[in-house]
Amino acid sequence: MDPCPFVRLIFESLALKLPQATKPDGFGVYSTTPCFCKLRLKNFPSQTVLLPLSSGSGDSPPESSTSAAGFHLDSLTLRRLTGKPVMLRIEVYTGRMGRTWGISCGKLVGRVQVTMDLGVSQTRHLVFKNGWMKLGNEPDKPTAKLHLTVRSEPDPRFVFQFGGEPECSPVVFQIQGNIRQPVFSCKFSADRSRSGSLPPDFTSKNRGWIGTLSGEKERQGKERKGWMVMIYDLSGSPVAAASMITPFVPSPGSDCVSRSNPGAWLILRPHGFSVSSWKPWGRLEAWRERGPIDGLGYKFELVTDSGPNNGIPIAEATMGVKKGGQFCIDSRVSRDSALSLRSPVKGFVMGSTVEGEGKVSKPVVQVGMQHVTCMADAAIFIALSAAIDLSMDACRFFSRKLRKELCHDEQDSSS
């Protein structure tokens, strides 16, 4: 099982040094003005980053700096860019980010560009720029300077794709270029009578999980519970599972699952030599976010031996319900800096595509090479991908119908 080549472009040590405003018709920028930059790479969405200001002299490194999320280049993109100069364009602005009445609020300070050759980036760490760059071309006038480090590092990943929607019990393929090789099979089941939807052996030995996570949330009427996805290897042995441990129920007086009352899954892996013995690896909570953007909120944490109340959160975000998005465990792109500091994982762990509500979904799963030592390691990420994909359905408004594969009985079909 070989990984696919990926490269991460990293932009860090970003800071801005501004000249003093001495005349009304001069540069007109003061140190208290907020500043930001836009990073543009062809065929990628632009990224916007707030810039800290540096007051140091000469070419010494900035006192404080920031970083951008960066770009991930897959094998197809790398093949397309090999042998060609790749241009990174950076625009620096002062003023507020965003637009008012369709007009940008920021004032352009200047532009710089960095040329990159990605020819050997799949096997080596490369530094394309490290230092200050002038934003103006007039030597007689004081100019602003941008400090940045642009580098790349290999980031090989295993790539998998579900052959169908997770609720349809599909085969899962490993993808390598144009080669698709079956590596796992899925079995989805939905049983309202199953308590917490856990494997029998786990249920009998781990009552604390059921009491803590589902408790009294089960109620008559509208609820979605008992969903489970089993992952099998090619020999038919179970290697991972995703179990809906807490039912998805609407909050009182509403038609959707709220953040204060989320549904939850356990991601399980076999434990010991018995095929019926399981150990929890992770816990996923999901809910419906209401606000300017209708979204699916989620939080994922690693389970520890200390019990269900001592998990380690490593991912929390919201994706749009209409268009879907990407479930991602990546410390470099986490919006919560405190979460990143507490997380035991560094760099890219996994990513999984999630289609919007009501759309056909065949999740594509990427897993960082360093997190996979055998096929069973990959299987737990497949189970997690199935859980987040099914959560999009579990968090649908209860006034809307679910597809028949997800419905337990006639009552659910009409909910």
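Worth saying up front: this structure is predicted, and the values here are computed from it rather than measured.

## Considering the sheet that holds strand S2 (residues 35-41)
Now for step 1: The 4 strands are arranged S3-S2-S5-S8 in an open sheet whose pairing can be described as antiparallel. Either end of the sheet is taken by a strand with one partner, and the two such strands are strand S3 (47-50) and strand S8 (107-116). Across the sheet, the mean angle from the axis of one strand to that of its neighbour is 20°, orientation sign disregarded.
Now for step 2: Alignment of strand S5 (residues 86-94) against S8, held across 9 bridges, turns out to be antiparallel. Each bridged residue has a counterpart across the sheet, and for arginine 89 the counterpart in S8 is glutamine 113.

## What about the environment of serine 67?
Now for step 1: Looking at the element boundaries, serine 67 is found in the loop between S3 and strand S4 (71-73).
Now for step 2: Serine 67 sits in the partly exposed class, given a relative accessible area of 44%.
Now for step 3: As for serine 67 and alanine 15, which are separated by 52 residues in sequence, their C-alpha atoms are 9.1 Å apart.
Now for step 4: Residues in contact with serine 67, not counting those within four places in the same chain, are Phe11, Glu12, Leu14 and Val49.

## Topic: the confidence of the model for the chain
Now for step 1: Residues at a pLDDT of 70 or more form 82% of the chain, whose mean pLDDT is 84.
Now for step 2: A low-confidence stretch, residues 211-220 (pLDDT under 50), is modelled with 23 contacts involving residues beyond four sequence positions or located in other chains.
Now for step 3: Within the model, pLDDT remains below 50 along residues 409-415, and this stretch shows 14 contacts once partners closer than five positions in the same chain are excluded.

## Some thoughts on unusual backbone geometry
Now for step 1: The backbone of serine 13 shows a phi angle near 55°, a positive value even though the residue is not glycine.
Now for step 2: Of note, serine 13 is situated in strand S1 (residues 7-17).
Now for step 3: Take serine 13: its relative accessible area is 19%, and that puts it in the buried class.
Now for step 4: With a phi angle near 70°, asparagine 43 is a residue other than glycine that sits in the positive phi range.
Now for step 5: Within the secondary structure layout, asparagine 43 lies in the loop between S2 and S3.

## Description of the nonpolar core
Now for step 1: Ranked by size, the top nonpolar core spans 58 residues in total, and within it Phe160, Phe184, Ile231, Phe300, Phe327 and Ile329 carry the most contacts.
Now for step 2: At 13 residues, the largest contribution of residues to this core is made by helix H5 (residues 375-394).
Now for step 3: Not counting chain neighbours up to four residues away, the residues in contact with phenylalanine 300 comprise Ile267, Trp281, Gly282, Arg283, Leu284, Ile312, Pro313, Ile314, Ala315, Phe327, Ile329 and Leu384.
Now for step 4: Core analysis: the second largest hydrophobic core is formed by 34 residues, Cys35, Leu73, Leu78 and Val92 among them.

## Side note on the environment of serine 185
Now for step 1: With respect to the helices and strands, the residue serine 185 is situated in strand S13 (residues 179-190).
Now for step 2: Spatially, the C-alpha atoms of serine 185 and phenylalanine 173 are 8.8 Å apart, while their sequence positions differ by 12 residues.
Now for step 3: Those residues in contact with serine 185 that lie beyond four places of it in its chain are Pro170, Val171, Met230, Ile231 and Tyr232.

Calculation rules
- Residues numbered from 1 in each chain as written.
- Predicted model: local features only at pLDDT ≥ 70, side-chain atom pairs only at ≥ 80, totals over all residues.
- Heavy atoms only, no water.
- Pairing = 2+ DSSP bridges.
- Helix = DSSP H or I, 4+ residues; strand = E, 2+ residues; numbered from the N terminus.
- Axes fitted to C-alpha atoms, helices over the stretch in contact; angles between N-to-C directions.
- Buried < 20%, exposed > 50% of the residue type's maximum accessible area, 1.4 Å probe, protein only.
- Contact = heavy atoms within 4.5 Å.
- pLDDT = per-residue confidence, 0-100.
- Core = buried A, V, L, I, M, F, W, Y, C linked by side-chain atoms within 4.5 Å.

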